[in-house]
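So the chains spell out like this:
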Amino acid sequence: MNRRTFYMFMSPSLLVMLALMVFPLLTSVWLSMQYMTFRNINEPEFVGLANYVAVFEDQKFWNAFSFTMTFIAIAVPMQIFTGFLIAVLLDQVSRRIRGIYIAAFLMPFIVVPVVGTLMVKQLFESGGIVAWAFRQLIGSRFILTEQSVKSLILIHALWAATPFPLIVFFAGLQTLPDELVEASMIDGATRLRQVRHIMIPHLRSLFVFVGLISIMDAYRVFDSVFVLTEQNPIYKAEVMMLYTFRTAMSVQRLGKANAMSVITVVLILVVLVPFLLRTYKEQTEER
Amino acid sequence: MKRIDNRYALGVIYLILTLYAAFSVIPFFWTTIQSFKTPRQANSRAPLFIFEPILDNYTDLWLKSIPDDPMLAAIILVAIFGLLVLVAINAKRFPLPRGFVYLAVLLAGFFVLVQIPEFIKTQTFYNYFLNTIIVTAGTICISISIGCLAGYGLARYSGIAGVIVLVAALGFRSLPGMSYILPYWWFGQRSGLYDTHILLIITLVAINQPFTIWMLRSFFMNIPKEIEESAMVDGANRLTAFISVIIPIMWPGIISTALFTLLLAYSDFLLVRILTQSNWTLTVAISKYAAGEDPGHITLAAAAAVSAAVPIIIVVFIFQGQLVKGLTSGAVKG
C-alpha cells in the first residue's frame with residue numbers, strides 16, 4: 001500500500017482523533033489559564049497561571065493526590081499478586097473445570113463498573129451479608145468513616161481489576177513450553193522453584209505490560225469512588241479525578257479544574273512514556 | 001505439562017480457586033436476592049435467604065402504573081420478541097442476504113421498544129434505557145465504519161507513519177478521560193449540543209477510536225494480502241477490493257470489536273455524567289440510587305443494578321466466543 005492510499009484510508013479516523021482528542025487537550029491548557037464559572041462560559045477572563053498556584057496551595061488537592069498515590073501503591077501490587085497466584089493455580093486444574101472458574105472470574109470484569117460498585121456496596125448496606133458478618137465478628141456496626149470508605153474502595157478495586165492480570169497471565173502460561181517444565185522436574189526442582197525460575201522469567205514482559213496498564217487504570221479511577229462516596233462526601237477519600245470533577249461541576253471553578261487535569265496529564269507521563277517507547281520498539285520490530 | 005497429583009495439594013488448590021470464585025460472584029448473587037425483597041426484609045438484622053420473592057422493586061423501577069392486564073401485555077411482548085429472535089436464528093432461509101435480515105430484525109426490535117410507552121405507562125428509567133440503546137448503537141456504527149478503514153490501512157501500510165499513528169493513539173487513549181471531557185463540556189455549552197445524543201455519540205466514538213483501530217488492525221493483519229491482491233489484478237481498485245472482498249471475511253473480527261465497543265459505550269459513566277443534564281444513560285441513572293436515606297433505596301438500587309447488568313450478560317452470553325477471541329488476541333489494551 002502506498003502512502004497516499006494509506007492516508008486516504010486513515011483520514012476519517014485521523015480527523016476524528018485530531019478534532020476530538022488533540023484539539024481538546026490544547027483547549028484544556030488554554031482553559032486552565034482562564035477564570036471561568038458557569039456564568040461566564042462565553043467570555044472567560046484570562047488569569048495566567050493563577051489557577052495552577054491555587055491548585056498547588058489547595059490542601060484538598062494534596063489530600064486527593066496522596067490518596068491516589070496510596071491507592072496505586074496498595075491496589076496494583078495486590079491485583080498483580082492475586083492475579084498471578086490464581087492464574088498459576090488455575091493452570092494446574094483440568095481443562096474441563098477451568099471454563100466454569102474462568103466464567104466466574106470474568107464476571108466482575110464484564111459488568112458495568114458503576115453496577116459492579118453498586119453490587120459490592122449492597123454487601124455493606126445495613127442489611128447486607130458482609131455488614132452482618134462484621135457485626136458478628138467485631139461486635140459493632142459497620143459505619144462509613146474515612147478509613148472504612150477507603151478500605152471499601154480498595155476491596156472493590158481488588159474485586160473489579162484483578163481479572164485483567166489474571167487472564168493475561170493465564171494466557172501467558174499457556175505459551176510456556178512443556179519441555180522446559182518437564183526438564184526441570186527431572187532435575188528435581190520443586191514447584192516453588194519452578195514458579196520462581198521458570199514461570200516468572202517467562203512472564204517477565206507481561207508483568208511489565210500489566211503493571212503499567214494497571215497503574216494507569218488505578219490512576220484514573222473514578223466511577224467506583226464516585227458511587228461509594230456519593231452524597232457522603234468524605235473529602236479525604238477523594239481521588240484526583242473525583243476532586244477535579246467536583247471542582248468543575250459542584251464548585252464551578254472550571255479554570256482550576258482544567259489546571260488540575262493538565263497537572264494529572266503531566267504526572268501520568270512518568271508511566272506513559274516508558275509504556276509508549278516499549279510499544280514503539282515492539283511495533284517497529286514487528287513491521 | 002505434568003500437573004500436581006498430590007491429592008491434598010490439589011484439594012488446597014480447588015479450595016483457593018473456589019473461594020476466589022465466590023468472592024467474584026457473591027456481589028451478583030446477593031444483589032439479585034435483595035432485589036426480590038421488601039425493604040423491610042432487605043434491612044433485616046440477620047441476612048434472609050428464605051422469603052417470598054416479590055417483583056415490586058422492578059415494577060416500581062420501570063413502570064408508573066401496572067397495565068390493566070399485565071399477563072396479556074407480557075405475553076404480547078414475549079411473542080413479538082420471540083418472533084424476532086426466531087427470524088434472526090433462521091436468517092439463512094430467507095431469500096435475502098443475511099445482513100439485511102439481521103438489520104431488519106434489529107430495526108423492528110428497536111421500533112417496538114420505542115412504541116412501548118404508548119401502551120404501557122413507563123417510568124423515566126425506561127427512557128434512560130432507550131437513550132443507552134441509541135447512544136450505544138450510534139457509537140458502534142460510526143466507530144466501526146471509520147475504524148475499519150483505518151485498521152485496514154494500518155495493517156497494510158508498512159511505513160513508519162503507521163507506527164507513529166498507532167503509538168500516538170495509544171498514548172491519547174491512556175490519558176485520563178477528564179482531560180478531554182471538560183473541554184467537551186465547554187464545546188457542548190457553546191454549541192448548544194450539551195445534553196444531546198449526538199454529542200455523546202461523537203465524543204464516545206473519538207474516545208474509543210484508538211482502541212477500535214488497534215483491535216481491528218490486529219484482525220486485518222490475520223487476513224493474507226494475496227486475497228485482495230488477486231482481486232486487484234482482476235481490475236478492482238483498492239477500495240472496491242476492500243469492500244467486496246475483505247469486509248465479508250472480516251465479519252468475525254468486526255463483531256468482536258463491536259462487542260468491545262458496546263461494552264465500553266454502555267459502561268461509560270464520567271463522560272455521560274458531565275455531558276448530560278437529563279438525557280442520561282443507564283449508568284448515570286443508576287448511580288442516583290447509590291445513595292438515599294429512605295429504607296426503600298436498597299432494594300430499588302438492587303433492582304436497578306440487576307436491570308442494567310442483565311442486557312450486558314445476555315449480549316456476552318450470546319457472543320462469548322468472540323469475547324474470548326478478542327481477549328486472547330492480545331488486542332485488548334485498556
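All values derive from a computational prediction rather than experimental measurement.

**Considering the overall build of chain B**
When you go through chain B residue by residue, the secondary structure sums to 15 helices and 0 strands. Seen through its C-alpha atoms, chain B measures out along the principal axes to roughly 75 × 65 × 50 Å. Burial analysis of chain B (334 residues in total) assigns 38% to the buried set. Once local pairs closer than 6 in sequence are excluded, the contacts in chain B between residues at least 24 apart make up 74%.

**Let's talk about the nonpolar core**
Formed by 156 residues in total, the largest nonpolar core has its most connected members in Val 115 of chain A together with Ile 286 and Ala 305 of chain B. With 14 residues, the top contributor of residues to this core is helix 9 (residues 197–220) of chain B. Among all residues touching Val 115 of chain A, those that are not within four sequence positions of it are Ile 286, Ala 305, Ala 308 and Ala 309 of chain B.

**Brief notes about the interface of chain A and chain B**
Interfaces are often sized by the accessible area lost when the parts come together. In this assembly, 84 residues from chain A lie in contact with 83 residues from chain B. Ranked by the residues each element gives to the side of chain A that touches chain B, the list is headed by helix 1 (residues 3–31) of chain A, at 16 residues. Residue composition of the side of chain A that touches chain B, by class: 55 nonpolar, 19 polar and 10 charged.

**Observations regarding the packing of helix 3 (residues 59–91) of chain A against helix 8 (residues 163–174) of chain A**
Residue and element names in this part refer to chain A. At a closest axis distance of 8 Å, the pairing of helix 3 and helix 8 adopts a crossing angle of 40°. When the interaxial angle is binned, helix 3 and helix 8 end up oblique. For the element pair helix 3 and helix 8, the recorded crossing hand is right-handed. Listed contacts from helix 8 to Gln 79, Ile 80, Gly 83, Phe 84, Ile 86, Ala 87, Leu 90 and Asp 91 of helix 3 are Pro 165, Leu 166, Phe 169, Phe 170 and Leu 173. For the contact of helix 3 with helix 8, the residue count by class is 10 nonpolar, 2 polar and 1 charged.

**Some points on the environment of Gly 116 of chain A**
Residues and elements named next belong to chain A. On the secondary structure map, Gly 116 appears in helix 5 (residues 113–124). C-beta crowding within 10 Å serves as the criterion here: with 26 such atoms nearby, Gly 116 is assigned to the buried category. Sequence separation between Gly 116 and His 156 is 40 residues; the distance between their C-alpha atoms is 8.5 Å.

**Concerning the domain arrangement of chain B**
The domain architecture assigned to chain B consists of domain 1 (1–27), domain 2 (66–120) and domain 3 (124–328). Centre-to-centre separation of domain 1 of chain B and domain 2 of chain B, based on C-alpha positions: 44 Å.

**Quick notes on the confidence of the model for chain A**
Model confidence for chain A is summarised by a mean pLDDT of 90, while 98% of its residues fall at 70 or above. Taken element by element, the predicted model of chain A shows its lowest mean pLDDT in helix 9 (residues 178–186) of chain A (81) and its highest in helix 2 (residues 50–56) of chain A (96).

**Describing the environment of Pro 113 of chain A**
Residue and element names in this part refer to chain A. Mapped onto the secondary structure, Pro 113 falls in helix 5. Pro 113 sits in the buried class, given 23 other C-beta atoms within 10 Å. Residues Pro 113 and Val 76, 37 residues apart in the sequence, show an inter-C-alpha distance of 17 Å.

Conventions used here
- Residues numbered from 1 in each chain as written.
- Chains lettered and ligands numbered in written order.
- Predicted model: local features only at pLDDT ≥ 70, side-chain atom pairs only at ≥ 80, totals over all residues.
- Helix = DSSP H or I, 4+ residues; strand = E, 2+ residues; numbered from the N terminus.
- Buried ≥ 20, exposed ≤ 12 C-beta atoms within 10 Å, placed from the backbone.
- Contact = placed C-beta atoms within 7 Å.
- Core = buried A, V, L, I, M, F, W, Y, C linked by C-beta atoms within 7 Å.
- Nonpolar A, V, L, I, M, F, W, Y, C, P; charged D, E, K, R; others polar.
- Axes fitted to C-alpha atoms, helices over the stretch in contact; angles between N-to-C directions.
- Parallel < 35°, antiparallel > 145°, perpendicular 65-115°, else oblique.
- Left-handed = near helix turned anticlockwise from the far one by under 90°.
- Domains from an automatic or database assignment.
- pLDDT = per-residue confidence, 0-100.

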